[in-house]
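Summary of structural features
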Amino acid sequence: MLKNYFIIAYRNLLRNKTFSLINIFGLALGMALSILMFMYVYYELGYDSFHENKQEIYRVVLKMESKEGDPEIAAITNAGVGPSMLKEFAEVKNIVRFSDPVNGYFKSKDKSYKVDKVTYADSSIFNVFSFPLINGNSETALIEPYTAVITEKTARKIFGNSNPIGETIRYNNNDDYLVTGVVEDPPANSSLQFDALLSFTTLYEKPNVFLGWDGGYNYYTFVLLNKNSSVENLKARFPEFMEEQINREYRDVGWFVTLMIEPLKDVHLHSIAEYDLPNKGDLGRIYIFASIALFILLIACINFINLSTARAMKRAREVGLRKVVGASKGQLVRQFIGESVLISVVSLLFALLFIEIIQGKFNELISSDFEFFGQSGFVLLLSLIIVTLFVGFVAGSFPAFYISGFQPVAILKGYFSTKKGKPVLRNILVTFQFFISVVLIISTIVIIYQLNFLNNKSLGFDKNDVVLVELNSKTSMQKVGVLKNEFRNVPGVKGVAASTSFPGVGLTMNGYFPEGSEHSIMIHVMDVDFDYLDLLKLDIVEGRNFSQDFGTDSTAYLINETLAKQLNWENPVGKYIRRDGKHKVIGVVKDFYFSSLHEKIGPLLITLKPWDYYYYLSLKINPGNREATLEAIEEAWNKVVRDEAINYYFLDASIRDNYQGERQTAQAFIWLAVISIIIACLGLYGQAAYSAEQRTKEIGIRKIMGATSQNILSILSGNFAKIIVIANLIAWPVAWYFMGKWLQEFAFHINITWWIFAITLGLSLIITALTIFSQAIKASRGNPVDALKYE
């Protein structure tokens, strides 16, 4: 019986090739997107699930509150929190600390290799997390100072097929590390990503690195709890613990710190902490893209419903005859759903082909290494079955019940074909299709407009043609003066300056005691040399710049306008700020954007005295002949730092990276908008073709009466134009609301103006006209005599 249904369904597909192809192509696009998103959501939700101890691993986060400013919840801690928790709480079985992964260079046998993610980690990492060692002893690999465990990928890069155990590698031309292990590359769905692990005990050997409660907040801390421990009982003892460790002293300077822990399963998508791991997921983005993919699939299903019901009269006589010979309504429903499922199965085959084609672009848009065909076989098969049956039943159910409900007597007498009335349901469904498309078009325009605003907004400093050279090793840091002189002699280099950081990407914060304040406040800080402000064209609005003519400037500060306003200093020059002594304010810098435009300008002070060394050289170069200048810069570097590769990039490019997520979102919306429009237009084309077919006789009469091609186009497009206008009117407030919420994520953003809606309306009307144009031309060129004979 089932076989007969599919045979009949197959014959009907062949009989209506044009409409079948429209349905299959549209459904295949919608299914490809929805299946990809279904599996991607599954992949994201499965982050860190491969760890055997995943139920017992928690991450430590700290909530920091002060009398000045808003509270912050940070994923980074000082190095003292973990050991103290291990000592104080019986529930804590083990702890692991990680430093923030950074780029670096390993040198082996006089050859340097760049490694992207180098981090310091405790030796307990292999007892807490499931990162299997290929070579080495997991119990001892990272216990001793100056030992390293490298990933399989890094081992191949540096040592080829040789066994690296016992080999020595020099890190950033500073220290030698003994390779004690090779670990499997972390899975793509691991929150912790690294290419090399350096022993955390090494940090205890270094001067000026504070690893107690008084140290910097630079580490991620994870704790492993004993099985069946009461997490709530543990949390209840945190306030007393923090009072003893830090709050007793912090309260005196206006600070209070709350200890919190979050389950490992929440770290990737559900963490509320800032300063998080580099590959943290974005749950909001996932929801948005998944919802859009589902809506696009619904648009494709609507095409099927509309085209099936529109062609109901073509199937009416078949239904009438089959009912006369004894077919029940149930049999007819099963036949039509069988046709729908068959189309869905054929569409699935094309969807899998589309997935293979668009997988690379999909990963680029979501910044992921997600591999669709590399996922769990069971889950993959289940997703294919669910989507196929969903499409088959959702798209096929309404046409099946609608068409099978025709009365055979009325059909065979011809009453059905002469029934009057407007296809209300089809119009509502088409309106919904274009409502989704219009929302996507408006969203795309707003995102692109905001990105253009971000890229072109003046930041208060000269970011163009500035090359940033990283000083990664102690050798290069100690030779900063020599490097500056060497770079100044390079043709095309207009100026050179040194700093500990650079503007546009955010700066570190420290606690300071301004004159007149009893409590410390957090202030962003940047350490520069005498040439820096002039090189970036930072303006002094009060007082003066640093000058080598004043020996006392080595301990002086510059502050920005925001800090002066925050402190209510009408005459800030001459005031003092305390931190490790008194520091005189000698000038006020005009406000500039030292963080991304997601944030407002914060308080800032600029000093001449770095904690240890400068970490960057900024080179202002002539815009012409960049390649030759960069080659000369590299040669100058090699003269001074012979055994270390130079690492440089442009300041403006680094600032653009702040908005990489927004650029990817814009590209994703462009693709999704295009796909939704294509699918909607396929349905529109099919309905226009059917409308032209149904009105063949009317069009023939109108042509005899003198109607032109423009008149025919107007006749066929009039109803569709009304639908497009209605869809726009409904979509405008929805898009305005959601894009307004998105823009609120930026401290500085555009306003959504009327012309965005006008462009969208015009664009959607033009697309509609172009879609039905071919059908109008075909109808207008037909022979009116043949049209009058049409039945």
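Details of the structure are given in the entry above.
Let us look at the structure shown here. (Residues numbered from 1 in each chain as written. Predicted model: local features only at pLDDT ≥ 70, side-chain atom pairs only at ≥ 80, totals over all residues. Heavy atoms only, no water.)

As a further point, take the overall build of the chain. Counting its secondary structure elements, the chain contains 25 helices and 23 strands. For the chain, the residues scored as buried account for 52% of the 791 residues in total. For the chain, the accessible area works out to roughly 37,000 Å², and carbon and sulfur atoms hold 56% of it. (Helix = DSSP H or I, 4+ residues; strand = E, 2+ residues; numbered from the N terminus. Buried < 20%, exposed > 50% of the residue type's maximum accessible area, 1.4 Å probe, protein only. Areas by Shrake-Rupley, 256 points an atom, 1.4 Å probe, with all protein chains shown as cover.)

Let us look at the nonpolar core. By size, the foremost hydrophobic cluster in this structure holds 115 residues, and its most contacted members are Met31 and Phe372. Ranked by residues supplied to this core, first place goes to helix H14 (residues 424–456) with 14 residues. Setting aside anything within four residues of it in sequence, one finds Met31 in contact with Leu297, Ser344, Ser347, Leu348, Ala351, Val387, Thr388 and Val391. Counting 51 residues, the second largest nonpolar core, distinct from the first, contains Met64, Val81, Val183 and Leu264. (Core = buried A, V, L, I, M, F, W, Y, C linked by side-chain atoms within 4.5 Å. Contact = heavy atoms within 4.5 Å.)

Of note, Asp110 is a non-glycine position whose phi angle comes to about 65°, a positive value. Positionally, Asp110 belongs in the loop between strand E4 (102–108) and strand E5 (111–121). The phi dihedral of Asn568 falls on the positive side, at around 55°, and the residue is not glycine. Mapped onto the elements of the fold, Asn568 is located in the loop between helix H18 (561–566) and strand E19 (576–578).

Glancing now at the packing of aromatic side chains. For the structure shown, the criterion picks out 31 aromatic pairs. When the ring of Tyr737 is compared with that of Phe738, the centres are 5.2 Å apart and the planes differ by 80°; the resulting orientation is edge-to-face. Ring pairs connect the aromatic residues Phe50, Phe98, Phe129, Phe131, Phe194 and Phe222, which therefore count as one cluster. If you follow Arg544 out to its NZ or CZ, it ends over the ring of Phe550, 3.8 Å from the centre. Lying over the aromatic face of Phe650, Arg626 brings its terminal NZ or CZ to 4.2 Å of the ring centre. (Phe/Tyr/Trp six-rings, centres within 6.5 Å; stacked < 30°, edge-to-face > 60°. Lys NZ or Arg CZ within 6 Å of the ring centre and 35° of its normal.)

Between helix H16 (residues 480–488) and helix H19 (residues 626–640), whose axes approach to 9 Å, the crossing angle comes to 145°. Considering how the two elements wind past one another, H16 and H19 form a crossing that is right-handed. Contact residues: Val482, Leu483, Glu486 and Phe487 in H16; Ile633, Ala636, Trp637, Lys639 and Val640 in H19. Partitioned by chemical class, the residues of the contact of H16 with H19 number seven nonpolar, no polar and two charged. (Axes fitted to C-alpha atoms, helices over the stretch in contact; angles between N-to-C directions. Left-handed = near helix turned anticlockwise from the far one by under 90°. Nonpolar A, V, L, I, M, F, W, Y, C, P; charged D, E, K, R; others polar.)

The topology assignment puts Ala731 in helix H23 (residues 709–743). Taking the C-alpha atoms as reference points, Ala731 and Phe757, 26 residues apart in sequence, are found 9.5 Å from one another. In contact with Ala731, not counting residues within four places along its chain, are Phe435, Val438 and Val439.

What follows is about the pairing of strand E20 (residues 582–589). Burial analysis of E20 places six of its eight residues in the buried class, which makes it a mostly covered element. Pairing geometry for strand E17 (residues 540–543) and E20, over three bridges, is antiparallel. Bridge pairing in E20 links Gly543 to Gly587. Relative to E20, strand E18 (residues 557–560) runs parallel, the two being bridged by four bridges. Each bridged residue has a counterpart across the sheet, and for Asn560 the counterpart in E20 is Val589. Taken together, the three bridges between E19 and E20 define a ladder with antiparallel strand orientation. Among the inter-strand pairings, Tyr576 is bridged to a residue of E20, identified as Lys584. Between the end of E19 and the start of E20, which pair antiparallel, lie three residues, with Asp580 showing a positive phi angle near 55°. (Pairing = 2+ DSSP bridges.)

Our next topic: a nonpolar patch on the surface. The grouping of Phe25, Ile448, Ile670, Trp671, Val674 and Ile678 at the surface amounts to a nonpolar patch, some 500 Å² of accessible area in total. Looking at which element gives the most residues to the nonpolar patch, the answer is helix H21 (residues 660–694), with four residues. (Patch = residues over 30% accessible without salt bridge, like charges linked within 9 Å, V, L, I, M, F, W, Y side chains within 5 Å. Salt bridge = Lys/Arg side-chain N within 4 Å of Asp/Glu carboxyl O.)

Attention now goes to a negative patch on the surface. A cluster of acidic residues, Glu627, Glu631, Glu634 and Glu635, forms a negative patch at the surface. Position of Glu631 among the secondary structure elements: in helix H19. (Lys, Arg positive; Asp, Glu negative; His and termini not counted. Charge placed at Lys NZ, Arg CZ, Asp CG, Glu CD.)

Turning our eyes to something else, we now look at the side chain of Asp553. Take Asp553: it is sitting in the loop between E17 and E18. Each residue touching Asp553, except ones within four places of it in the same chain, is listed here: Arg544, Asn545, Phe546, Ser547, Ile586 and Leu608.

In this section: the pattern of salt bridges. This model, assessed by the stated rule, comprises 22 salt bridges. Close ionic contact of Arg248 with Glu244 constitutes a salt bridge, the shortest N to O distance being 3.1 Å. With Arg248 and Glu244 both in helix H7 (residues 238–250) and four residues apart, the pair spans about one turn of that helix. For Glu244, a relative accessible area of 51% puts it in the exposed group. It is possible to trace a salt-bridge network through shared partners that takes in Arg59, Glu262, Asp276 and Lys280.

Moving on, we come to H16. Taken together, the buried positions of H16 are Val480, Leu483, Lys484 and Phe487. Taken around the axis of H16, the buried residues stretch over an arc of 100°, which confines them to a single face. (Arc of directions from axis to C-beta.)

Moving on, we get to the side chain of Glu470. Its location among the elements puts Glu470 in strand E13 (residues 466–470). Nearest to the buried, unbridged Glu470 among oppositely charged side chains is Lys114, at 6.8 Å. Among the polar contacts listed, one links the side chain of Glu470 to the side chain of Asn472, at a separation of 3.3 Å. Polar side-chain contacts of Glu470 include one of 2.9 Å to the side chain of Tyr649. Beyond its immediate sequence surroundings of up to four residues, Glu470 is in contact with Tyr615, Tyr616, Trp637, Asn647 and Tyr649. (Polar contact = N/O pair within 3.5 Å; in protein donor to acceptor, adjacent residues only side chain to side chain.)

Another point: the sheet that holds E13. Across the sheet, which stays open at both edges, the four strands sit in the order E14-E22-E13-E23 with antiparallel pairing between neighbours. Two strands in the sheet have a free side with no partner beyond their single neighbour: strand E14 (493–499) and strand E23 (648–650). Recorded for the sheet is a direction-independent mean angle of 25° between the axes of neighbouring strands. Of the pairings in the sheet, the one linking E13 to strand E22 (residues 616–621) comprises five bridges and is antiparallel in character. Note on E22: the bridge partner recorded for Val469 is Leu617. In the packing of H19 onto the sheet, contacts are made with E13, E14, E22 and E23, and the angle to E22 comes to roughly 145°.

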